[in-house]
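Structural overview
Residues per chain, in single letters:
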Amino acid sequence: MCSECIDVMTNLLDHSRYEVREAAGWWFAKRPSLRLMMIDQMVSDLGSGTGVSVRNAADFLGSVRAVDKLGALTAAYDRGVSAEARLAIVRAAGEIGSRSGNALLLKGLADADAGVRTMAVASWRDMSGQAGAASVVALLSDTDAGVRAQAAATVGGLRELSGRARLETLVVSDAEATVRRNAAWALGELGQKESAAALDAASGDASPLVRGVAKAARRSLR
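Residues numbered from 1 in each chain as written. Predicted model: local features only at pLDDT ≥ 70, side-chain atom pairs only at ≥ 80, totals over all residues. Heavy atoms only, no water.

1. Here's the deal with the pattern of salt bridges
Tallied over the full model, the rule gives 16 salt bridges. Here Glu-95 and Arg-65 are joined by a salt bridge, their closest N and O atoms 3.4 Å apart. Note that Glu-95 is positioned in helix α6 (residues 83–96) and Arg-65 in the loop between α4 (51–63) and α5 (70–78), a separation of 30 residues in sequence. Arg-65 gets classed as partly exposed once you look at its relative accessible area, which sits at 40%. Between Glu-189 and Arg-159 there is a salt bridge, with its nearest N and O atoms 2.8 Å apart. Of this pair, Glu-189 sits in helix α11 (residues 177–190) while Arg-159 is found in the loop between α9 (145–157) and α10 (164–173), placing the two residues 30 residues apart along the sequence. (Salt bridge = Lys/Arg side-chain N within 4 Å of Asp/Glu carboxyl O. Helix = DSSP H or I, 4+ residues; strand = E, 2+ residues; numbered from the N terminus. Buried < 20%, exposed > 50% of the residue type's maximum accessible area, 1.4 Å probe, protein only.)

Following this line, the structure appears as structure tokens:
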């Protein structure tokens, strides 16, 4: 392992694209001694860095699955960093994949920024062994369509029955086709016969994609 390689990969941890930063993090994850050294640096950046440096630090800790640093990520979130940095922090919690990160994701679900809320919902769904999505159901009524769409996917993916009534409303009345489509899919995942009327109505939706998903979901009801 050459020193030039380390320099190149270290520089890529500050790249403007998340995918590049993530790939560089994976490179360090395969080299234990370097991984530990970089984790120490990233924790320091979380504590005192700017928005960009906190973003990059959070992305690194997520890519190397530093589960023992969830506390440091939470502390960084709580000290009022930028929305970009908060988004990276909740994304890292999802990448780490431990349900001990749920407390951090709950903060993200209530964030003032729609992008952060969207990422928190997606991270909640992707968390390994996640028990349910009751905490996400309220976001089916979010003012942002992206959040509503992600919330519908999460409620369906985790089969959270308490969201059924709201999904039935979304599938027939939401202004955004993406939300209606996700709501239709989610109702199919829930599989409750009470959703038949809503899915029948959605089968006549103006959007061909919504119609197709609604018809498939209708066939899956018990």
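2. Focus on the side chain of Asp-205
Among the structural elements, Asp-205 can be located in the loop between α12 (196–202) and α13 (208–219). Take Asp-205: its relative accessible area is 12%, and that puts it in the buried class. A distance of 2.7 Å separates the side chain of Asp-205 from the side chain of Arg-180, its partner in a polar contact. (Polar contact = N/O pair within 3.5 Å; in protein donor to acceptor, adjacent residues only side chain to side chain.)

3. Considerations on helix α8 (residues 114–126)
End to end, α8 covers 18 Å across 13 residues, agreeing with the expected 18 Å (1.5 Å per residue, within 8%). Of the surrounding elements, those touching the buried residues of α8 are α6, α7 (102–109) and α9. The opening residue of α8, the one whose side-chain oxygen lies 2.9 Å from the backbone nitrogen of Gly-115, is Asp-113. (Expected span 1.5 Å × (residues − 1). Contact = heavy atoms within 4.5 Å.)

4. Some thoughts on the environment of Ser-162
Along the chain, Ser-162 turns up in the loop between α9 and α10. Spatially, the C-alpha atoms of Ser-162 and Met-42 are 39 Å apart, while their sequence positions differ by 120 residues. Engagement of the side chain of Ser-162 in a polar contact is seen with the side chain of Glu-160, the distance being 2.8 Å.

5. With respect to the packing of aromatic side chains
According to the stated counting rule, one finds two aromatic pairs in the structure shown. A ring pair is formed by Trp-27 and Phe-28, whose centres lie 5.1 Å apart and whose planes are at 85 degrees; its orientation type is edge-to-face. Here the two residues Trp-27 and Phe-28 agree in accessibility, since each one is buried. Relative to Phe-60, the ring of Phe-28 has its centre 5.9 Å away and its plane inclined at 70 degrees; by these criteria the two rings are edge-to-face. Of this pair, Phe-28 sits in helix α2 (residues 18–29) while Phe-60 sits in helix α4, placing them 32 residues apart in sequence. By relative accessible area, which is 0% here, Phe-28 ends up buried. Judged by relative accessible area, Phe-60 falls into the buried class, the value being 1%. Through a chain of ring-to-ring contacts, three or more aromatic side chains come together here, namely Trp-27, Phe-28 and Phe-60. Over the ring of Tyr-18 we find Arg-91, and its NZ or CZ is 3.8 Å from the ring centre. (Phe/Tyr/Trp six-rings, centres within 6.5 Å; stacked < 30°, edge-to-face > 60°. Lys NZ or Arg CZ within 6 Å of the ring centre and 35° of its normal.)

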